[in-house]
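Here are the chains, one letter per residue:
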Amino acid sequence: MDKYKPVIEMMDRIINDRTVPRNIRQAVEDAKNSLFSKEPEELRISSAITTLDEITNDPNMPLYTRTQIWNIVSLLEQIRRKLK
């Protein structure tokens, strides 16, 4: 799980940021939890990316949070590419 360390740290920052709306923090937490599920690794990453993609268009999301989420998605996609 060491390769997920930067991703988890970024997710935790969003989850603990009280200026971010609750539904967005919950979605990020759900994405984080999916990385620790018992599914195959590629499926876990895809699930996390899908969850994060679904919330990026939320009009209540602060711009800096949207940028953080895009960065997380980018890192997850890099990890997924290395699996293939």
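Use the structure listed above.
A quick note: this is a predicted structure, and the numbers were derived from the prediction, not measured.

Visitor: Describe the side chain of T65, and please don't skip the residues or the numbers.
Guide: Within the element layout of this structure, T65 appears in helix 4 (residues 63-83). T65 sits in the buried class, given a relative accessible area of 0%. Apart from the residues within four sequence positions on either side, T65 is in contact with I14, V20 and I24.

Visitor: Lay out the side chain of T56 with the relevant residues and their values.
Guide: On the secondary structure map, T56 appears in the loop between helix 3 (41-55) and helix 4. Among the residues examined, T56 registers a relative accessible area of 8% and is labelled buried. Beyond its immediate chain neighbours, meaning those up to four positions away, T56 contacts M61, R66, I69 and W70.

Visitor: Can you tell me about the pattern of salt bridges, naming the residues and giving the values?
Guide: The full count for this structure, using the stated rule, is 3 salt bridges. Across the pair K5 and E9 runs a salt bridge, and its minimum N-O distance is 3.3 Å. Of the two residues, K5 and E9 are both situated in helix 1 (residues 5-15); the distance of 4 residues between them amounts to about one turn of the helix. Looking at E9, the relative accessible area reads 38%, which means it is partly exposed.

Definitions and limits used
In this convention, every chain numbers its residues from 1, walking through the sequence in written order. Local features in a predicted model are, by the rule used here, given only for residues with pLDDT of at least 70; side-chain atom pairs are given and counted only at 80 or more, and totals for whole chains, interfaces and linings are based on all residues. Calculated side-chain values reflect all of the structure's heavy atoms, with hydrogen atoms and water omitted. Segments assigned H or I by DSSP are reported as helices when at least four residues long, segments assigned E as strands when at least two residues long, and all are numbered from the N terminus. A 1.4 Å probe rolled over the protein chains alone gives each residue an accessible area, and that area as a share of the maximum for its type sets the label: buried under 20%, exposed over 50%, partly exposed in between. Contact criterion: two residues are considered in contact whenever any of their non-hydrogen atoms come within 4.5 Å of each other. When a carboxyl oxygen of Asp or Glu is within 4 Å of a side-chain nitrogen of Lys or Arg, the pair counts as a salt bridge.

Geometry only, nothing functional implied.
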